[in-house]
Each structure stands twice: as structure tokens, then as C-alpha cells.
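One-letter residues, chain by chain:
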Amino acid sequence: MGAPQPPGRREAGSQPDLRVARVLPDVAALAARAFDYLVPASLAAEVRVGSIVRVPLHGRRVRGWVVALPEEAETGRRLLPIAKVSSVGPPADVLALAEWAAWRWAGPVTRFLRTASPPGAVRELPPAAGPGRGPPPRRAAGHAVEVVRAPPAADPFPVVEEAARGGDALVLAPSLGEAAMVAARLRRAGVPVAVAPREWARAAAGGCTVVGARAAAWAPVPGLAAVVVIDEHDEVYQEERAPTWNARDVAVERARRAGAPCWLTSPCPSLAALALAGGGSVRAPSRSDERAGWPVLEVVDRRDEAPGLGLYSERLVALLRAATPEERVVCVLNRKGRAVLMACAACGELARCERCDGPLESGGELGMRCRRCGLAQPPVCRWCGVGRFKALRIGVARVRDELELLAGQAVAEVTGDTPPAGPGGGFPAAAVLVGTSAVLHRAARAAVVAFLDFDQELLAPRFRAGEEALALLARAGRVAGGREGRVLVQTRAPGHEVLDAARHADPSRFTVVEGARRAALRMPPEVALARVSGPGAAGVVAQLDGGQLDGVETLGPAGDRWLVRAGDHRSLCDALAAVKRPGERVRVEVDPLRA
DNA sequence: CGGACAAGCTGA
DNA sequence: CAGCTTGTCCGG
């Protein structure tokens, strides 16, 4: 090509308003490659960094984000014009945060930009909701993150109010329902509020505190003055699919970048949160306040129980018999593994293998698979030909029958399909309920929460089992209403530090022991972990092993999964970012909850 | 991702 | 050899 004259270059005197925009198309296969476009003069006023645009790309129109407004184009080729500005998009600080998250969780930046974008097109922003008080003076470095420990029955709202008093805050709650309640209370207190993602435009306009669930970590908050994450230990803050970003970690980084204080509230602070707060910065309640907010813990040592009693100790039976609709008993039993048996939804016949007659489970290439011989087969009943099956929860169903006999009154099973207790109705009225730990999210209140087999939680083969077990006890404590209620735990490990912590209403009794154990085992938060799996995983691991990276080691494989371990996230994420992704699929989970 | 284009396959 | 499928390449 002769005499290259990049059309993107701005020359003195020639169309000074014809600018260049660098656009990141929302096309996964492009692996976050940005392209330069011309900004037509008619769109110049609307195009900003973050704007959501439609651009021609290879013969079609695709959505994308303006990620920069460079002085001149990167290439000498002829630039195409932006076709349309579809919507106001994430502000520049959120864009930068998305780039950081793409590094931190080894994922495509477009995934984060999608979460950060308004749910529908926003043509222009409404007027600001309030004066926009702007960020307060920065706090001393190193004290930006504070863990606020408050027992299960305590109300975290005062922390939210304290944060919102200092300026426009970002408040995250585990669910949209809880976020809506916090928002309503803030409004009653006279604080302008936007609920994300519904009121994205209102949030972007500024002058209000923004409240939402996980995705609200990406909401626009101009003049961010404080960040609060309620119940930071809750696993719902972490995205299950890769990239496995965690809203708590995003919120902490956001606060750091804004120079704003960040409060992480929890009855049982995660080791990750304690590490983020730098070890020392924990605001703990007085001993008596904390004690008042945890339930009375009763531990039944199953080793002392008469053999043959199974899951039903004398103490449990006594509580069951005393249960009334006002003084409910909620029994929790987490079954091992997944659905036990499948039965035809039409004729009720058990689904059995066409080769060996073994029981079928859902999964496999054709939809169902033999649990005994592994043969894949279609989900069609061999007896009546109907293709619909239901899972028989043999475990809980049988336990329900037996509890009913022992209690001498009706026992209702609560599953994920049971509507939550509340004005909607449909929640069982029985004095005794039984279900998996989902029952703790559905039942509003109970006098007693009984864990029939807590060893499944305490001794689960996962490095975070202890944290999860303590979180369950805290959850139970909330359902039981703190000191008003009691939590019964049947276990063969009554001396476990999780039970010790709950008994003394002092979660540090657990975190101190657990932290030392993690350090000894070289597990998070002492180190940073990632799990790599999928057909291309071996190639990725080979590159990491061959790269002579300081302090990065790979462990495995276990099945088709490897672990990558490094001293901290900087070396882990730098190493992962340097890997060339092979053609085959690779799943990278940074900070896996289960490893 | 999805359009463009080339190479490969098929049948009259 | 037209007309179709399948595979590979690449985007401003």
C-alpha cells in the first residue's frame, strides 16, 4: 500500500470533530480485541468512554463498548464510522475496574462490562437524585477495609446508615429481597436511594446511595463515598460460572480505588475478609452483645447415644414432641450427593438401566446415565414410554416419615420448590419442618433448629468446610432469633472448633485455628489458588510448568482438573494472564470455593 | 460469533 | 460442473 494516510489521524484544520473511538465488541470469540472507529460529528456529543454503541464488524453490526477516545487510530487502514449510540454505558471508573477484574479472575473483560451495563437502553440520564456530596476526605491508608462483626440476630442496618451518612454509598446484600428492604429503610431515613439493576439510570445520575445484590458491585456510583457488604461471608456473592468473580472482592477493590472506606459485615467473617482487612481491623461487639445474638447451642454427642437410634437422639425426640406452630422445630439434613433415585413422572416406575437394571441418574450425553455401569441412555420410561422423570428424595422423605412417628404430629418437608414463608402463602403450617439447608432460607422463624447430622458439614472433604459449617450455624441462629432460640447439633465431633465458636458466640475461636491450619496446608487466604479444567487444561498447565514462574506451582491432575497455587494473587493472575489459551475449551476458576 | 471464501463431495 | 456442505480465516 503506497502513501499510507491514516484516515483516523486528525489534521489541523480538517474536521476537528471527526474523532476516533476505540470499541470493544461484545463478541466472545474476539478475546477482548478492540477496534478503532470514526465518530461521526452527529454522534460526537453522545460518545463517551463507556458508551454502548453498534459498530459494523466484518459485514454485520455488533454491540460494543467505547473503551477509549484515542488521539489517533492504531492502524493505517480505512476506519468505519460508529453506526449508532445505543445507550449510556458504565462510567470510566467501572470500565477500569472491569479490566482489573478480567485480570483478577482470568476472564474476558466483556463479561464484566455486560454486568456493569444497564439492563435496558438508557438514552440519557435523569437529573441527579440529590446534591451528590462527593467522597469524604480519604482515610488513613491501610484502614480502608474494616470487618464489622455482629451476631446473627443483630441488625446490620446501623452500619449501612453510618456509611450513607458520609456520602453516596454502595451497599451490597446477598439477595435482591434483602437489598429492597435495606433500600426502603434508607428511604425512610431520608437518604436518596437507587436499587440496582432496576434503577441503573438513577444510580448513574448520582446523588444517591446505590443498593443491590451481587451484580450491584458493578453499578455506577458517581462520587462513591463508602462501600458496605452485608453478610460478606455469603457464598452467593461469588459467581458460580467462570469467571468466578466475587462481589465482596470487587467492592473492596472499588473502595480502594475511590479512596472510600469499606465495611464488611458478618456474624462469621470469612478468612478472605479478615485477610482483606489486613488481619487487625475487626470491629467486634461487646462480649455480652455478641452472646445475646447467637442462639443457645446444644450439642448431642452421637458417640454416647444408644446404637440403633440413628439420627434421632432422645433430646431431639423431646424437642419434636414439644413443638407447636408457634414454637417450631426446623430439622436440617443435607443428603450426601445428588438426587438418589429417578422415577417416571407418569407411571411412577423407577428408572433402571436397559443393560444392567441398575438405578439411573440424570446426566450423561443422552440425558440419563446408569449409576452402576455408566451406560448413557435417553430419558424415556421403559414401561410407559413417557419422557419425564422426577427425583425421589429418598433420604429426606424417609426421615420425614420417621420424624412424624417420633414427634407424634405432622412433619412437613420443605424443598427448594416450597414457597418461602410470608404473605404469599403456601408455606406449610406444621410445627415440625424438615429439609436440606435450603429450609433455613425459607422458614422465617423457629424456636429450634436441629442439624440431624452435622458431621456432613464439619467433616466434608472441602477446604472451606469449617467456614461453611459456621455460616450454617449463624444462619440457624438468625432463624432461631438469637438467644431466644436454640440450635441442636448432632455430631460425633463435639469438640470441633466450629462448635466451640458457636457455643461461645465468638467466631474468632474458629478463625484463629482455621487460619493457622490454612497456613500450614498452604491453602487460601495464605496462598492464591485457581482450578483449571476442561479439554485444554493440560496445555495450560504445561505452559505454567514450563514458564519458570517464581512461586507458581501446579498440582494434579485429579480427573481432568489441576490446581494452580501461588504466593499471592499478583503472581497467580500474572501467570494465568501470560498463558496462551489453546483452541480447546479451558475453564479457569480463580479462588474456587471448593477445591 | 458469524460472514466470506475455498476446498471437497455428489449427482446428472 | 453447478450446487451444496464443510472447514478455515478473520474482523477496524
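The numbering scheme is per chain: residues are counted from 1 as the chain's sequence reads. Whichever chain is written first is A, and whichever ligand is written first is 1; the rest continue in order. Confidence filtering applies because this is a predicted model: local features only for residues at pLDDT of at least 70, side-chain atom pairs given and counted only at 80 or more, and all residues used for totals across whole chains, interfaces and linings. Water and hydrogen atoms were dropped before computing side-chain values, which therefore reflect all heavy atoms in the structure.

A.B. asks: Tell me about the overall build of chain A, and please be specific about residues and values.
C.D. replies: Secondary structure elements are defined from DSSP: runs of H or I of at least 4 residues count as helices, runs of E of at least 2 residues count as strands, and each element is numbered from the N terminus. Of regular secondary structure, chain A possesses 17 helices and 27 strands. For a compact globule of 595 residues, the expected C-alpha radius of gyration is about 25 Å, and chain A comes in at 27 Å, within 12% of that figure. Taking the principal axes of the C-alpha coordinates as reference, chain A spans close to 95 × 65 × 50 Å. When each of the 595 residues of chain A is scored for burial, the buried share is 49%. Whether two residues are in contact is decided by their heavy atoms: any pair within 4.5 Å suffices. Considering only intrachain contacts with a sequence separation of at least 6, the fraction spanning at least 24 residues in chain A is 70%. The Shrake-Rupley method, run with a 1.4 Å probe, gives the accessible areas here. Residue values count only the displayed protein chains as cover. When the accessible surface of chain A is totalled, it reaches about 27,200 Å², and 52% of it is carbon and sulfur. C-alpha atoms define the radius of gyration, and 2.2 Å times the number of residues to the power 0.38 defines the globule rule. Any residue under 20% of the maximum accessible area for its type is buried, any over 50% is exposed, and the rest in between are partly exposed; the area is computed with a 1.4 Å probe on protein chains only.

A.B. asks: Describe the side chain of Thr418, naming the residues involved and giving the relevant values.
C.D. replies: Mapping Thr418 onto the fold places it in the loop between β20 (411–414) and β21 (432–435). Residue classification places Thr418 among the buried residues on the basis of a relative accessible area of 11%. Engagement of the side chain of Thr418 in a polar contact is seen with the backbone nitrogen of Thr415, the distance being 2.9 Å. Setting aside chain neighbours within four positions, we find Thr418 in contact with Glu413, Gly426, Phe427, Pro428 and Arg442. Under this definition, polar contacts are N or O atom pairs within 3.5 Å; protein pairs additionally need one hydrogen-donor-capable and one acceptor-capable atom, and for neighbouring residues in sequence, both atoms have to be side-chain atoms.

A.B. asks: Kindly report on the protein's contact with DNA strand C, identifying the contributing residues and their values.
C.D. replies: Neighbouring residues are identified by heavy atoms, a residue being near a molecule or strand if any of them is within 4 Å of it. If you check the shell around DNA strand C, you find 14 residues, and the closest are Asp36, His58, Arg60, Thr75 and Arg77. Close to the protein, within 4 Å, the atoms of DNA strand C belong to sugar or phosphate groups at a rate of 42%. Among the elements of the structure, β2 (35–39) and β3 (52–57) are those that each provide at least two residues to the surface near DNA strand C. At 3 residues, the largest contribution of residues to the surface near DNA strand C is made by β2. Side-chain classes follow a simple rule in which Ala, Val, Leu, Ile, Met, Phe, Trp, Tyr, Cys and Pro form the nonpolar group, Asp, Glu, Lys and Arg form the charged group, and the remainder, Gly included, forms the polar group. A class-by-class count of the residues in the surface near DNA strand C yields 6 nonpolar, 2 polar and 6 charged.

A.B. asks: I'd like a description of the pairing of β3, backed by residues and values.
C.D. replies: Summarising the sheet, β3 and strand β4 (residues 60–68) pair through 6 bridges and their orientation is antiparallel. Considered in β4, the bridge of Arg54 is made with Arg63. Between β3 and β4, which follow one another and run antiparallel, lie 2 residues, and His58 among them has a positive phi close to 55 degrees. As defined by bridge partners, β3 adjoins strand β5 (residues 84–87) across 3 bridges and the pair is classed as antiparallel. Looking at the pairing, Val53 lines up with Val85 of β5. Strand pairing is defined by DSSP finding a minimum of two bridges between the two strands.

A.B. asks: Before we move on, can you summarise the sheet that holds β4 with the specific residues and values?
C.D. replies: The 5 strands lie next to each other as β2-β1-β4-β3-β5, forming an open sheet whose pairing is antiparallel. Two strands close off the open sheet at either side, each with one partner strand: β2 and β5. Going from strand to strand, the sheet's axes swing by 50 degrees on average, the running direction of each strand aside. All axes here are fitted lines through C-alpha atoms, helices being fitted over the stretch that makes contact, and every angle between N-to-C directions spans 0 to 180 degrees.

A.B. asks: Account for the packing of aromatic side chains, naming residues and giving values.
C.D. replies: Here the aromatic set is Phe, Tyr and Trp, taking the six-membered ring for Trp, and pairing holds for ring centres within 6.5 Å; pairs whose planes are under 30 degrees apart are stacked, those over 60 apart are edge-to-face, and all others are tilted. Tallying each qualifying case throughout the model produces 4 aromatic pairs. For the pair Trp218 and Trp245, a centre-to-centre distance of 5.8 Å together with 75 degrees between the ring planes defines the contact as edge-to-face. On the criterion of sequence distance, the pair formed by Trp218 in the loop between β9 (209–212) and β10 (226–229) and Trp245 in the loop between β10 and α6 (247–258) is long-range, its members being 27 residues apart. For Trp218, a relative accessible area of 1% translates into the label buried. Between Phe451 and Phe454, the ring centres sit 5.0 Å apart and the planes meet at 65 degrees, which makes this aromatic pair edge-to-face. In this analysis the charged atom, NZ for Lys or CZ for Arg, is taken to sit over a ring once it is within 6 Å of the ring centre and within 35 degrees of the ring normal. It is Arg104 that lies over the ring of Trp105; its NZ or CZ is 4.5 Å from the centre.

A.B. asks: Tell me about the domain arrangement of chain A, and name the residues and values.
C.D. replies: The split of the chain into domains comes from an automatic or database domain assignment. With domains assigned, chain A is organised as domain 1 (19–116), domain 2 (145–285), domain 3 (293–337 + 395–517) and domain 4 (528–590). Computed from C-alpha coordinates alone, the two centres of domain 1 and domain 3 are separated by 50 Å.

A.B. asks: Just give me the short version of the packing of helix α1 (residues 92–104) against α6, but keep the residues and values in it.
C.D. replies: Taken N-terminus to C-terminus, the directions of α1 and α6 make an angle of 130 degrees; their axes are 11 Å apart at the nearest point. By the criterion of interaxial angle, the relationship of α1 to α6 is oblique. Our pair here, α1 against α6, has a crossing hand that is right-handed. Only Asp249, Val250, Glu253, Arg254 and Arg257 of α6 make contact with α1, whose side of the interface consists of Asp93, Val94, Ala96, Leu97, Trp100 and Arg104. The class makeup of the residues in the contact of α1 with α6 is 5 nonpolar, no polar and 6 charged. Put simply, angles under 35 degrees are roughly parallel, angles over 145 are roughly antiparallel, angles from 65 to 115 are roughly perpendicular, and the rest are oblique. Handedness of a crossing follows from how the near helix is turned relative to the far one, being left-handed for an anticlockwise turn of less than a right angle and right-handed for a clockwise one.

A.B. asks: For the protein's contact with DNA strand B, give the residues involved together with the corresponding values.
C.D. replies: Taken together, Val27, Ala29, His58 and Arg60 make up the full set of residues near DNA strand B. Backbone sugar and phosphate groups make up 20% of those atoms of DNA strand B lying within 4 Å of the protein. The separation between a base nitrogen of DNA strand B and a polar side-chain atom of His58 is 3.4 Å. At 2.4 Å, a side-chain N or O of Arg60 approaches a base oxygen of DNA strand B.

A.B. asks: Requested: an account of the pattern of salt bridges, with residues and values cited.
C.D. replies: Every case where a carboxyl oxygen of Asp or Glu lies within 4 Å of a side-chain nitrogen of Lys or Arg is listed as a salt bridge. Scanning all chains against the criterion turns up 43 salt bridges. What emerges from the salt-bridge pattern is a single network uniting Glu235, Arg462, Arg464, Glu467, Glu468, Glu497, Glu514, Arg517, Arg518 and Arg594.

A.B. asks: Requested: an account of unusual backbone geometry, with residues and values cited.
C.D. replies: The linkage connecting Ala242 with the following residue, Pro243, adopts the cis geometry, with an omega of -5 degrees. By secondary structure assignment, the location of Pro243 is in the loop between β10 and α6. Positive phi, normally seen in glycine, also occurs at Ala31, with a value near 50 degrees. Mapping Ala31 onto the fold places it in the loop between β1 (19–25) and β2. The residue Ala32 is not glycine, and still its phi comes out positive at about 60 degrees.

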